[in-house]
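Results of the structural survey
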Amino acid sequence: MKPFVRDTLQRQRARLHELDALLSAPDVVNDMDRFRALSREHADASSLVEIYNRFLQREADHASAQAMLNDPDMVELAEEEMASASTDMAELDIELQQQLLPKDPDDERNAFLEIRAGTGGDESALFAGDLARMYTRYAETQRWQVEIVSESPSELGGYKEVVLRVAGHGAYGRLRFESGGHRVQRVPVTETQGRIHTSAATVAVMPEPDETQAIALNPSELRIDTYRASGAGGQHINKTDSAVRVTHLPTGITAECQDGRSQHSNKAKALQVLTARLQEKDRSERAAKEAATRKGLIGSGDRSDRIRTYNFPQGRLTDHRINLTVYKLLQVMEGDLGDVVHALQVARGAELLAELEGKA
């Protein structure tokens, strides 16, 4: 265990004792706001200290087993116990480091996921469709719900642009690092000579706004247009002008929804997406300022960043931010994103821990 981590945990143990005393103090008990705040802190500290105590117990077990190595009759038993304790300590150490990381309250929220075709014409739109399918399949493995908020299909299939709403616990926290430029290398279905083409699409992931904390939209700064939705045909075509586009006049940012047949419902969803885009604009601007003094491991999520390459001839996916390469591209395109998502979360955790250590 890193000395910084151990020192932090020792301080948490001491703080837990302070909180025990504070929560029984009459002035705190009579102040419900302070009592609730200290109770939340106590719950967090208790969880952390409980894990740390388990670590210390296994550390003591390891030391006891090591002392038994001097007894020839106990060597085999001692070595088994040392190996078991070492494994437990390593797992608990990782768990403790994760618990110490700053929590982003948005991580538990639902997410809006925008996918736009980039360079590459029809092939780029087909790739955007493949990405939408990949994320939908991944969401199914997580038992999340996915709905299309708005879509602009291309003539040959896929999307010029599609916005998905992914609803489920931790959706944004898992998908947040998908923001950026995605590049594909493969032989397009439109290619007659078998040549490999390179195309691109961009992905932007935004947390669904908390209605109680969302940016307040001034109605005078909004232009709301209705239109007849374009779709794939058949039963999904809206027979009335129920699709809604909302424009935020000061920024020019727009959002639209054509999912439902109710104009009122589509307007509500479009306003949600617009709020998410405005909050993401604010978040990106703050991230850009921070990036001027520190370049993050995961990157700012700028859509111009090329974060990942999907190389079909080699069956290879490469995430350029963390130098991760996996040779199971077809499985990934079927939604097997777990290893990639986990690697990005671990890398971000290591970066945050290094920041905390630097500030200590």
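Residues numbered from 1 in each chain as written. Predicted model: local features only at pLDDT ≥ 70, side-chain atom pairs only at ≥ 80, totals over all residues. Heavy atoms only, no water.

**Topic: the packing of aromatic side chains**
Operational definition: A pair of aromatic rings is counted whenever rings of Phe, Tyr or Trp (Trp by its six-membered ring) have centres within 6.5 Å, and the orientation is called stacked for planes under 30 degrees apart, edge-to-face for over 60 and tilted otherwise. What counts as a helix is a DSSP run of H or I of at least four residues, what counts as a strand is a run of E of at least two, and both are numbered from the N terminus. Throughout, exposure labels follow a simple rule: accessible area from a 1.4 Å probe, protein chains only, divided by the maximum for the residue type, with under 20% read as buried, over 50% as exposed, and the rest as partly exposed. Here, over-ring charges are defined by two tests on the NZ atom of lysine or the CZ atom of arginine: distance to the ring centre within 6 Å, and angle to the ring normal within 35 degrees.
Per the stated rule, a full pass over the model turns up two aromatic pairs. With centroids separated by 5.3 Å and ring planes inclined at 70°, the aromatic side chains of Phe127 and Tyr310 adopt a geometry described as edge-to-face. Within this pair, whereas Phe127 is found in helix H5 (residues 121-141), its partner Tyr310 is found in strand S9 (residues 306-311), the two being separated by 183 residues in sequence. The class for Phe127 is buried, based on a relative accessible area of 0%. A relative accessible area of 0% places Tyr310 in the buried class. Between the NZ or CZ atom of Arg186 and the centre of the ring of Phe312, over which it lies, the distance is 5.0 Å. For Arg245, the ring lying beneath its charged end belongs to Tyr227, and the centroid distance is 4.5 Å.

**Observations regarding the pattern of salt bridges**
Test applied: Salt bridge, as applied in this entry: a Lys or Arg side-chain nitrogen positioned within 4 Å of an Asp or Glu carboxyl oxygen.
Within the structure shown, the criterion is met by 29 salt bridges. Here Arg36 makes a salt bridge to Asp33, at a shortest N to O gap of 2.8 Å. In this pair, Arg36 and Asp33 are both assigned in helix H3 (residues 32-67), three residues apart and thus about one turn of the helix distant. A relative accessible area of 57% means that Asp33 is categorised as exposed. Among the ionic pairs, Asp88 bridges to Arg58, the shortest N-O distance being 2.9 Å. Linking Asp88 in helix H4 (residues 75-100) with Arg58 in helix H3, this pair joins segments that are 30 residues apart in sequence. Residue class for Asp88 comes out partly exposed when judged on its relative accessible area of 26%. Salt bridges sharing common partners tie together Arg58, Asp61, Glu81 and Asp88.

**Description of the packing of helix H1 (residues 3-22) against H4**
Just so we agree on the cut-off: Here an angle of 0 to 180 degrees is reported between the N-to-C directions of two axes, which are lines fitted to C-alpha atoms, with helices fitted over the stretch in contact. Should an angle fall under 35 degrees it is called roughly parallel, over 145 degrees roughly antiparallel, and 65 to 115 degrees roughly perpendicular, with every other angle called oblique. Helix crossings get a hand from a simple test, with the near helix turned counterclockwise from the far one by less than a right angle marking a left-handed crossing and a clockwise turn marking a right-handed one. Here, two residues are considered to be in contact whenever any of their heavy atoms come within 4.5 Å of each other. Each residue gets one of three labels, nonpolar for Ala, Val, Leu, Ile, Met, Phe, Trp, Tyr, Cys and Pro, charged for Asp, Glu, Lys and Arg, and polar for the others, Gly among them.
Packing of H1 against H4 leaves a shortest axis separation of 11 Å and a crossing angle of 65°. With respect to H4, the element H1 is oriented roughly perpendicular. In this structure, H1 meets H4 at a crossing whose hand is left-handed. Residues Val5, Thr8 and Leu9 of H1 pack against Leu96, Gln97 and Leu100 of H4. A breakdown of the residues in the contact of H1 with H4 according to their chemical character gives four nonpolar, two polar and no charged.

**Some thoughts on H5**
For an α-helix, the turn length of 3.6 residues means that residues three or four places apart are oriented alike. For the record, the criterion: To estimate how far a helix should extend, the number of its residues minus one is multiplied by 1.5 Å.
The end-to-end C-alpha distance of H5 is 31 Å, a good match for the 30 Å that 21 residues give at a rise of 1.5 Å each. Downstream of H5 by a residue or two, Arg143 has a phi angle that is positive, lying close to 60°.

Distances and angles like these do not, on their own, reveal function.
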